[in-house]
Amino acid sequence: MVVGKMKFTFQKRVKLAQGLWLLSWLATLGGAVTFTLGCFLKTELRRRGEVMDNTDIHCVPNTLMIVGLASMGINYFASRICQDALDPGRFPRWKTFLKPYFGCSVFFTTLMLISVILSYAMKGSLETSLKIGLKNGIRFYKDTDTPGRCFQKQTIDHLQMEFQCCGNNDYKDWFEVQWISNRYLDFSSKEVKDCIKSNVDGRYLVDGVPFSCCNPSSPRPCIQYKITNNTAHYNYDHQTEELNIFIRGCREALVNYYMGLMNTIGAVVLSVFLLQSSVLASVRLLQTSMEAVAGQENVEIETEGYLLEKGVKETFMEYVDPVLKLLLLNQVTPPEAKPEAGATGTTTTTS
Amino acid sequence: MAVLPIKFTKTKRDKLAQVLWVLNWISVVTGIILFSLGIFLKVEINKRQDLMAESQLQSVPNMLIAVGLIACVINFLGGKICYDCVDTNKFLRWKLVMLPYIICTFFFTLSVLVGALMCYSMHGQLEEALTLGLRDAMRYYKDTDTPGRCFLKRTVDQLQIQFQCCGNEGYRDWFQIQWVSNRYLDMSQREVVDRLRSNVEGKYLMDGVPFSCCNVNSPRPCIQYQITNNSAHFNYDFHTEELNLWMKGCRQALRDYYTNIMHSVGLTVLIIWLFELSVLTGVRYLQTSLENVLRQGDPECESDGWLLENSFVETARSNFNIIKHLGKFNQINISSNGDPNIDKPPTAHYGPDNVPPKPLPMAS
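Residues numbered from 1 in each chain as written. Chains lettered and ligands numbered in written order. Predicted model: local features only at pLDDT ≥ 70, side-chain atom pairs only at ≥ 80, totals over all residues. Heavy atoms only, no water.

1. Quick word on the overall build of chain A
Broken down by element type, chain A carries nine helices and two strands. In chain A, the succession of helices and strands from N to C terminus is β-α-α-α-α-α-α-α-β-α-α. For chain A, whose C-alpha radius of gyration is 33 Å, the value lies well above the compact-globule estimate of 20 Å for 351 residues. In terms of overall dimensions, chain A has a C-alpha envelope of 105 × 80 × 35 Å along the principal axes. (Helix = DSSP H or I, 4+ residues; strand = E, 2+ residues; numbered from the N terminus. Rg over C-alpha atoms; globule rule 2.2 N^0.38 Å.)

2. Re the overall build of chain B
Scanning chain B from terminus to terminus reveals eight helices and two strands. From first element to last, N terminus to C terminus, chain B shows the α and β order β-α-α-α-α-α-α-α-β-α. Computed over C-alpha atoms, the radius of gyration of chain B comes to 36 Å, more than 25% over the 21 Å expected from 2.2 N^0.38 for 364 residues, which places it beyond the range of a compact globule. Considered along the principal axes of its C-alpha atoms, chain B spans approximately 140 × 60 × 35 Å. Residue pairs at least 24 apart in sequence account for 72% of intrachain contacts in chain B once pairs closer than 6 positions are excluded. (Contact = heavy atoms within 4.5 Å.)

3. As for the UniProt feature "transmembrane region" (unreviewed entry) in chain B
The UniProt feature table records "transmembrane region" (unreviewed entry) at residues 20-40, 60-78 and 98-120 of chain B. This span, residues 20-40 of chain B, is 100% helix and 0% strand, and a straight line between its end C-alpha atoms measures 30 Å. (UniProt positions renumbered as here; feature names shortened; annotations may be inferred.)

4. Some remarks on the environment of B:Tyr171
All names here are of chain B. Position of Tyr171 relative to the elements: it lies in the loop between helix H5 (152-163) and helix H6 (190-197). Considering only alpha carbons, one finds Tyr171 and Gln296, 125 residues apart in sequence, at a separation of 78 Å. Excluding residues within four positions of it along the chain, Tyr171 makes contact with Cys166, Val209, Ile227, Phe238, Leu245 and Met247.

5. Let's talk about the nonpolar core
All names here are of chain B. Counting 82 residues, the largest nonpolar core has Met52, Cys85, Tyr171, Trp174, Val209, Val283 and Leu286 as its most contacted members. Looking at this core, the elements that each hand over two or more residues are helix H1 (10-47), helix H2 (59-84), helix H3 (88-121), helix H4 (123-139), H5, H6 and helix H7 (250-296). Per element, the largest residue contribution to this core is 16 residues, and it comes from H7. (Core = buried A, V, L, I, M, F, W, Y, C linked by side-chain atoms within 4.5 Å. Buried < 20%, exposed > 50% of the residue type's maximum accessible area, 1.4 Å probe, protein only.)

6. Comments concerning the interface of chain A and chain B
By a widely used convention, the size of an interface equals the accessible area lost when the partners come together. Contacts between chain A and chain B engage 26 residues on the former and 26 residues on the latter. At the boundary of chain A with chain B, total buried surface from both sides reaches about 2400 Å², with 64% on carbon and sulfur atoms. Taken together, chain A and chain B are joined by six residue pairs in polar contact (both at pLDDT 80 or more). Of the residues assigned to the side of chain A that touches chain B, the class counts are 13 nonpolar, eight polar and five charged. (Buried area = accessible area lost by both parts, 1.4 Å probe. Polar contact = N/O pair within 3.5 Å; in protein donor to acceptor, adjacent residues only side chain to side chain. Nonpolar A, V, L, I, M, F, W, Y, C, P; charged D, E, K, R; others polar.)

7. Things to note about the packing of H1(B) against H2(B)
Residue and element names in this part refer to chain B. Running from N to C, H1 and H2 cross one another at 165°; their axes reach a closest spacing of 7 Å. Considering their axes alone, H1 and H2 lie roughly antiparallel with respect to each other. Helix-helix and strand crossings are classified by hand; for H1 and H2 the assignment is left-handed. Looking at side-chain class alone, the contact of H1 with H2 contains 22 nonpolar, nine polar and one charged residues. (Axes fitted to C-alpha atoms, helices over the stretch in contact; angles between N-to-C directions. Parallel < 35°, antiparallel > 145°, perpendicular 65-115°, else oblique. Left-handed = near helix turned anticlockwise from the far one by under 90°.)

8. Focus on a nonpolar patch on the surface
Residue and element names in this part refer to chain B. Taken together, the side chains of Trp21, Val22, Trp25, Ile26, Phe76 and Tyr83 define a hydrophobic patch exposed on the protein surface, amounting to about 600 Å² of accessible area. Going through the elements one at a time, H1 and H2 are the ones with two or more residues in the nonpolar patch. At four residues, H1 tops the list of elements feeding residues into the nonpolar patch. Following the sequence through the fold, Ile26 ends up in helix H1. Look at Ile26 and you get partly exposed, because its relative accessible area is 39%. (Patch = residues over 30% accessible without salt bridge, like charges linked within 9 Å, V, L, I, M, F, W, Y side chains within 5 Å. Areas by Shrake-Rupley, 256 points an atom, 1.4 Å probe, with all protein chains shown as cover. Salt bridge = Lys/Arg side-chain N within 4 Å of Asp/Glu carboxyl O.)

9. Focus: the packing of aromatic side chains
For the structure on display, the rule yields 24 aromatic pairs over all chains. When the centroid spacing of 6.2 Å and the interplanar angle of 75° are considered together, the rings of B:Tyr141 and B:Trp179 count as edge-to-face. You can see B:Tyr141 sitting in the loop between H4 and H5 and its partner B:Trp179 sitting in the loop between H5 and H6, a full 38 residues away along the chain. For the pair formed by B:Tyr141 and B:Trp179, the shared burial category is buried. Pairing B:Phe163 with B:Tyr257 gives two aromatic rings, centres 5.1 Å apart and planes at 80°, and the pair type is edge-to-face. In this pair, B:Phe163 sits in helix H5 while B:Tyr257 sits in helix H7, placing the two residues 94 residues apart along the sequence. Using a relative accessible area of 12% as the deciding quantity, one classes B:Phe163 as buried. Relative accessible area serves as the criterion here: at 27%, B:Tyr257 is assigned to the partly exposed category. An aromatic cluster is present here, built from A:Tyr76, A:Phe77, A:Trp94, A:Phe97, A:Tyr101 and A:Phe102 joined pairwise through their rings. (Phe/Tyr/Trp six-rings, centres within 6.5 Å; stacked < 30°, edge-to-face > 60°.)

10. Things to note about the confidence of the model for chain B
Chain-level statistics for chain B give a pLDDT mean of 86 and a share of 91% at 70 or above. For this predicted complex, the interface confidence score (ipTM) comes to 0.77, while the overall pTM stands at 0.78. (pLDDT = per-residue confidence, 0-100.)

11. Focus: the packing of helix H2 (residues 59-85) of chain A against helix H3 (residues 95-121) of chain A
Residue and element names in this part refer to chain A. As a packed pair, H2 and H3 sit with axes 9 Å apart at the nearest point and diverge in direction by 145°. In terms of crossing hand, the pair formed by H2 and H3 is left-handed. Across the interface between the two elements, Cys59, Val60, Thr63, Leu64, Ile66, Val67, Ala70, Ser71, Ile74, Phe77, Ala78 and Ile81 of H2 pack against Phe97, Leu98, Tyr101, Ser105, Phe108, Leu111, Met112, Ser115, Leu118 and Ser119 of H3.

12. Let's talk about the pattern of salt bridges
Residues and elements named next belong to chain A. This model, assessed by the stated rule, comprises 26 salt bridges over all chains. The salt bridge partner of Arg251 is Glu127, with a shortest N-O separation of 4.0 Å. One end of the pair, Arg251, is in helix H7 (residues 250-293); the other, Glu127, is in helix H4 (residues 123-139), and 124 residues separate them in sequence. On the basis of relative accessible area, Glu127 is assigned to the partly exposed category, the value being 30%. The partner of Arg203 in a salt bridge is Asp201, and the shortest N-O contact between them spans 3.6 Å. What emerges from the salt-bridge pattern is a single network uniting Glu44, Arg47, Arg48 and Glu162.

Here it is, written out as structure tokens:
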């Protein structure tokens, strides 16, 4: 059962080849764009890598880069094929190349589609990674003297100022963590001793936030300490005050930022995918219609072109069988060993 | 004696015309670059308009924009002329236009040079504008309820965060102004009233700075208030503490930023000026060599090209005389009664032998 059968006159073949040449160069450009977008996404993810717990999310930009490079190669060969297609003398040299070429192209095109789906599906993983990373960042904020953690304070401060956010879920996360190092606490003062004694773990907790949570758009000077204490500040009600510090949590801010980025990239890569599929389909139609012309005297006859000679499943098995055979190459087939064993058995008994 | 004469064969002339055609198109691109540099500079200055007092700073980007547009037009015309110069017949079309064109381009190139020099000399104006502008911005920091000034707080905070600076010269500038609005001061408290009374003008001054002065690289949480009071904070000495707040003043930070931009822009404009000058020289050589070809009459012959026909001084003198006589075209010469033919020797020519005819006998 043939899939996608179409009739092609000579003029139609010529037009197909010309259109395909233009389309394949456009698709090469699309592949380059995909590669660039993958590099850009990877750079952006690495910039904030310190507040991410794992690098699972990096599979998206890695896939995009691989697919972009592969797409440039596929479309370059597509343009070469269509250049030679109309010349019956030069076309036969592509014959052996075409089957693996189509196999690879279909594989990488499906990979492109998978990368688009991944970019939407990895949201949960990203969120979890950021949750753990930010929690650690806030916990180690005060450890500016511990090697390996001394830049956490700087990272978190820069993050909060740039993304206009405070804490993990919101600013209250800072109330549960001791973010002032013991080096700067006066242990001889009564107030400090009371505060530490009142806490089970002996931590110095305050209802205050670091200065990087302060909102520059606030009309009044920033209130960082004793945030929940209305009487400590004149004309202040912390329930209604929204402009003083950033209300949003940094996890939400970062997830929104990255999902926005990946949505845009996903849309662009989807259009490149559609372009590349059409290029591949056109190459296949051109190739099959030219095959009927080969060996004929009159080059201008009308021929048929098709996408797949057999059904989808049969074609798939046809491609996958050689790969499977390659993998099973060094396995010994059991039925052959049995008659051998039988033969050796008979020889030993006779000797 | 011509200035810098060069001999041009026909092929050399043609090649010169073609090269100049390409160079003129490149000059159109550089004109667009000039235009975009002017726009970029204008945007950068406008971004921080709130922090700069009124000054003539806008003249530099405006000049660059105008010069860029004129460069595009002039070089487009130059490209067209050079394209036609390969063919001597087509050159006749442009013959009368070329000299005025060259003179215009010469003055235009001078204005490009003026533009480049203006970029470098903006220094003094910039410093003054920044000093006054920053001082006012800090003074109105607290006026977030006054229309027209309500965004100054945000502007100053974002400036100090982005440029990593504090105050005008340093953080001490904040000690001398009241940056906390009266709306947020509890006038019933004794401490507030004492502080207001202790100041001549009734301002609430304190040794504290806004949060935007805090240094991100500090290992300890930011100390914004009671900065000069060592005993108010544990393990703190404000004389030796350098990482707590930004030490640099915002005037210096902004000045350095803008000076860098101006120097880069000025350098690019200078390079473009040199390029335009070389194109102009090429066009002048082309024009003079083609005019000499027409003078000699043979399109295939070798001709001379020069920058000036006579020496510099003589050309200046003749041009000056022309300009002097331009104003005298309707003046009458009174020495000979207005008649220009008086006292002129006879110059009549009487045939090949030059023998004057005998006077005819008169009837008596």
